[in-house]
Amino acid sequence: MGIARLGTIAFIVLPVLQTQAEWRPLAMNRLLQPMRAPLAHGPRMIPHHPEAAQIHLENVLTALGNPTRLAVVRVLADGQERSCTALLRDQTKSTMTHHWRVLRSSGVIWQRPAGRENLLSLRREDLDARFPGLLDAILSATRSDALTDASTAWGERS
């Protein structure tokens, strides 16, 4: 009776193990696919930039509700691309990455790799098309309010 059970168990276990062995390389390929850079025409962008129509007002306001991110937007408002390391010099890399992700996923900035760094630029055209006058109103309010100006003006002086 013990031998019969062993035979039955061996018969049941072997096909399962064979299926898992065949499945494992396929699963690894699927896991690695998002890591591969997509083929695209033009400059390569970091993923998770929403299309202009997918930019939501609540996400933009949430992103700009942080003084550090608002200071970054004030610096980028001049229309030039800046390297990410030049903007937040006193922050840890993980903190910088968090701020870039929030700004990027909310549709406020473009982020693209350039060598060993990432370049950031403000998505002014998309924001103005989606919410006319919003960015100008926020930027002028940061300059006219003394408390907000003091907490976000550090980037303009660097």
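Residues numbered from 1 in each chain as written. Predicted model: local features only at pLDDT ≥ 70, side-chain atom pairs only at ≥ 80, totals over all residues. Heavy atoms only, no water.

### A short note on the overall build of the protein chain
1) Next: Along its length, the protein chain carries nine helices and three strands.
2) Next: Going from the N terminus to the C terminus, the protein chain shows its helices and strands as α-α-α-β-α-α-β-β-α-α-α-α.
3) Next: Within the protein chain, the proportion of its 158 residues that are buried is 31%.
4) Next: Residue pairs in contact within the protein chain that sit at least 24 positions apart in sequence constitute 67% of those at least 6 positions apart. (Helix = DSSP H or I, 4+ residues; strand = E, 2+ residues; numbered from the N terminus. Buried < 20%, exposed > 50% of the residue type's maximum accessible area, 1.4 Å probe, protein only. Contact = heavy atoms within 4.5 Å.)

### Structural notes on the side chain of Ser121
1) Next: Its location among the elements puts Ser121 in strand β3 (residues 117-122).
2) Next: In contact with Ser121, not counting residues within four places along its chain, are Leu76, Glu81, Val108, Ile109 and Trp110.

### Structural notes on the side chain of His99
1) Next: Here His99 lies in helix α5 (residues 93-105).
2) Next: What His99 contacts, discounting residues up to four positions off in sequence, is Asn66, Thr68, Arg69 and Leu88.

### Observations concerning the environment of Val72
1) Next: Turning to its location among the elements, Val72 is positioned in helix α3 (residues 67-76).
2) Next: Spatially, the C-alpha atoms of Val72 and Leu103 are 9.5 Å apart, while their sequence positions differ by 31 residues.
3) Next: Setting aside residues no more than four positions away along its own chain, Val72 makes contact with Leu87, Leu88, Trp100 and Leu103.

### Describing the sheet that holds strand β2 (residues 109-114)
1) Next: Taken in spatial order, the three strands make up an open sheet running β1-β3-β2, and their pairing is antiparallel. Of all strands in the sheet, those bounded by a partner on one side alone are β1 (82-83) and β2.
2) Next: Summarising the sheet, β1 and β3 pair through two bridges and their orientation is antiparallel. Across the sheet, Arg82 pairs through a bridge with Leu120, a residue of β3.
3) Next: Sitting on the sheet, α3 is in contact with β1, β2 and β3, with an inclination near 80° to β3. (Pairing = 2+ DSSP bridges. Axes fitted to C-alpha atoms, helices over the stretch in contact; angles between N-to-C directions.)

### With respect to the packing of aromatic side chains
1) Next: All told, the structure shown has zero aromatic pairs when counted by the stated rule.
2) Next: The ring centre of Trp110 lies 3.9 Å from the NZ or CZ of Arg123, which sits over that ring. (Phe/Tyr/Trp six-rings, centres within 6.5 Å; stacked < 30°, edge-to-face > 60°. Lys NZ or Arg CZ within 6 Å of the ring centre and 35° of its normal.)

### Thoughts on helix α2 (residues 57-64)
1) Next: Where α2 is concerned, the buried positions are Val60, Ala63 and Leu64. All buried residues of α2 fall inside an arc of 90° around its axis, so they share one side.
2) Next: On its buried face, α2 is in contact with α3, α5, α6 (124-130) and α7 (134-144). (Arc of directions from axis to C-beta.)

### A word on the pairing of β3
Across a regular strand the side chains alternate sides, sitting on one face of the sheet and then on the other.
1) Next: The buried fraction of β3 amounts to five of the six residues, a majority that puts the element mostly inside the structure.
2) Next: Pairing geometry for β2 and β3, over six bridges, is antiparallel. Bridge pairing in β3 links Pro113 to Asn118.
3) Next: From the end of β2 to the start of β3, which pair antiparallel, there are two residues, and Gly115 there has a positive phi angle of about 70°.

### Here we look at α3
1) Next: Among the ten residues in α3, nine count as buried, and that is most of the element.
2) Next: Of all the residues in α3, the buried ones are Thr68, Arg69, Leu70, Ala71, Val72, Val73, Arg74, Val75 and Leu76.
3) Next: Its side-chain oxygen 2.8 Å from the backbone nitrogen of Thr68, Asn66 forms the N-cap of α3. (Polar contact = N/O pair within 3.5 Å; in protein donor to acceptor, adjacent residues only side chain to side chain.)

### A look at the confidence of the model for the protein chain
1) Next: For the protein chain, mean pLDDT is 75; residues scoring 70 or higher make up 65% of the total.
2) Next: Taken element by element, the protein chain is modelled with least confidence in helix α1 (residues 2-32), mean pLDDT 44, and with most confidence in α6, mean pLDDT 95.
3) Next: Below a pLDDT of 50 lies the segment residues 1-42, which in the model reaches two contacts outside its immediate sequence neighbourhood of four places, other chains included. (pLDDT = per-residue confidence, 0-100.)

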